[in-house]
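Okay, here's what each chain looks like letter by letter:
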Amino acid sequence: AQSVAQPEDQVNVAEGNPLTVKCTYSVSGNPYLFWYVQYPNRGLQFLLKYITGDNLVKGSYGFEAEFNKSQTSFHLKKPSALVSDSALYFCAIYNFNKFYFGSGTKLNVKP
Amino acid sequence: NAGVTQTPKFRILKIGQSMTLQCTQDMNHNYMYWYRQDPGMGLKLIYYSVGAGITDKGEVPNGYNVSRSTTEDFPLRLELAAPSQTSVYFCASIEGTGKFSLNTGELFFGEGSRLTVL
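As a starting point, this report considers the structure included with it. (Residues numbered from 1 in each chain as written. Chains lettered and ligands numbered in written order. Predicted model: local features only at pLDDT ≥ 70, side-chain atom pairs only at ≥ 80, totals over all residues. Heavy atoms only, no water.)

**Considering the overall build of chain A**
When you go through chain A residue by residue, the secondary structure sums to 0 helices and 12 strands. Reading the secondary structure of chain A in the N-to-C direction produces β-β-β-β-β-β-β-β-β-β-β-β. Taken over the C-alpha trace, chain A has a radius of gyration of 13 Å; the compact-globule value for 111 residues is 13 Å, and the two agree within 12%. In terms of overall dimensions, chain A has C-alpha extents of about 40 × 30 × 20 Å along its principal axes. Every one of the 111 residues in chain A was classed for burial, and the buried ones make up 50%. Of the contacts made within chain A by residues no fewer than 6 positions apart, 54% connect residues no fewer than 24 positions apart. When the accessible surface of chain A is summed, it comes to about 5,200 Å², and 48% of that surface belongs to carbon and sulfur atoms. Each charge class in chain A was averaged separately, 10 positive and 7 negative side chains, and the resulting centres sit 6 Å apart. (Helix = DSSP H or I, 4+ residues; strand = E, 2+ residues; numbered from the N terminus. Rg over C-alpha atoms; globule rule 2.2 N^0.38 Å. Buried < 20%, exposed > 50% of the residue type's maximum accessible area, 1.4 Å probe, protein only. Contact = heavy atoms within 4.5 Å. Areas by Shrake-Rupley, 256 points an atom, 1.4 Å probe, with all protein chains shown as cover. Lys, Arg positive; Asp, Glu negative; His and termini not counted. Charge placed at Lys NZ, Arg CZ, Asp CG, Glu CD.)

Laid out in structure tokens, this is it:
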């Protein structure tokens, strides 16, 4: 069975500070991992993905994520948060033709 | 490019009514998905399709039906609406899900359909 866990419902960070949104996963076989962002009343937008290769993946809007196989984690990071980064973030895993999403983490960046 | 288009954006149903949520994509994607989003629960997969004429159940298929007669369209039918089906529904598509397609492609989402059953 496969699953994705986002342990934090909400993350608060001050503008200019680094941010981390956590994600852990469980899957048999090689993991294909994704991060998506959702702004209010909108669909999800792709941020980045890990399929294979380097453990540090760079994506849109200055976001990056670190794949850690031993800890089965795929945390989303950004060195310097912007107020405009405030949104709902979803981690997802692909397995057997299907994408499974975590419960989401609301990121609040305060000025 | 229109991408993934969902209609209607909002709908209020009475208990026991039926309706169809429409989803169409213009990217010639083979794979299409229907999700529902409930607060604090993330997205749950209802049904998916890997090509025209092929559909399969996801995590929460009860109370729903789908069809895929063309590559472009993937409608979701709600039969005998219940308050538990109050949710925001998202349609999504991707070219394919082999390793090559995942390397080059991404899952595209529609803007969502907000359904309330009273």
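Next comes the rest of the write-up.
**Regarding the environment of A:Pro18**
Residue and element names in this part refer to chain A. Summarising the element assignment, Pro18 is placed in the loop between strand S2 (10-14) and strand S3 (19-21). Each C-alpha atom, one on Pro18 and one on Gly53, is 25 Å from the other, the two residues being 35 residues apart in sequence. Residue contacts for Pro18: discarding those within four places in its chain leaves Val13, Lys78, Pro79 and Ser80.

**As for the sheet that holds strand S1 (residues 4-7) of chain B**
Residues and elements named next belong to chain B. Pairing is antiparallel in the open sheet, where 4 strands are placed in the order S1-S3-S8-S7. Only two strands of the sheet have a single neighbouring strand rather than two, namely S1 and strand S7 (64-66). Across the sheet, the axes of successive neighbouring strands diverge by a mean angle of 20°, strand direction being ignored. Where S7 lies against strand S8 (residues 76-78), 3 bridges are found, and the strand directions are antiparallel. Pairing of Asn65 across the sheet is with Arg77, part of S8. (Pairing = 2+ DSSP bridges. Axes fitted to C-alpha atoms, helices over the stretch in contact; angles between N-to-C directions.)

**Things to note about the interface of chain A and chain B**
Each partner contributes to the interface: chain A provides 23 residues, whereas chain B provides 26 residues. Approximately 2,000 Å² of surface area, both sides summed, lies buried where chain A meets chain B, with 57% of it carried by carbon and sulfur atoms. It is A:Asn97, A:Phe99 and A:Phe101 in chain A that bury the most area against chain B; as a group they hold 26% of the surface buried on that side. Put simply, chain A and chain B have 1 salt bridge between them. Across the salt bridge formed by A:Arg42 and B:Glu111, the nearest N and O atoms sit 2.7 Å from each other. The tally of links between chain A and chain B comes to 5 residue pairs in polar contact (both at pLDDT 80 or more). At the level of secondary structure, the elements contributing two or more residues to the side of chain A that touches chain B comprise strand S5 (32-38), strand S6 (44-50), strand S10 (87-95) and strand S11 (98-101) of chain A. (Buried area = accessible area lost by both parts, 1.4 Å probe. Salt bridge = Lys/Arg side-chain N within 4 Å of Asp/Glu carboxyl O. Polar contact = N/O pair within 3.5 Å; in protein donor to acceptor, adjacent residues only side chain to side chain.)

**Topic: the pairing of S11(A)**
Residues and elements named next belong to chain A. Here S11 shows no split at all, with Lys98 and Tyr100 on one side and Phe99 and Phe101 on the other all buried. Sheet analysis places S10 next to S11, joined by 4 bridges and oriented antiparallel. Bridge pairing in S11 links Ile93 to Tyr100. Where S10 folds back on S11, the antiparallel hairpin that results is connected by 2 residues, among which Phe96 adopts a positive phi of roughly 50°.

**Structural notes on the side chain of B:Asp38**
All names here are of chain B. The topology assignment puts Asp38 in strand S4 (residues 31-38). For Asp38, a relative accessible area of 17% puts it in the buried group. Reaching out from Asp38, the side chain makes a polar contact with the side chain of Arg36 at a distance of 3.0 Å. Setting aside residues up to four positions removed in sequence, Asp38 forms contacts with Thr86 and Ser87.

**Here's the deal with the nonpolar core**
Core analysis: the largest hydrophobic core is formed by 28 residues, its most contacted members being A:Trp35, A:Leu47, A:Leu48, A:Phe74, A:Leu76 and A:Tyr89. When contributions to this core are tallied by element, the ones reaching two or more residues are S2, S3, S5, S6, strand S8 (64-68), strand S9 (73-78), S10 and strand S12 (105-110) of chain A. Of the residues forming this core, the biggest block, 4 residues, is contributed by S10(A). Beyond its immediate chain neighbours, meaning those up to four positions away, A:Leu76 contacts A:Leu19, A:Thr20, A:Val21, A:Trp35, A:Leu47, A:Leu48, A:Phe63, A:Glu64, A:Ala65 and A:Tyr89. In terms of nonpolar packing, the next biggest core, distinct from the first, is built from 24 residues, A:Tyr32, B:Leu43, B:Val88 and B:Ile94 among them. (Core = buried A, V, L, I, M, F, W, Y, C linked by side-chain atoms within 4.5 Å.)

So, to be careful, I would describe these as geometric facts and stop short of saying anything about function.
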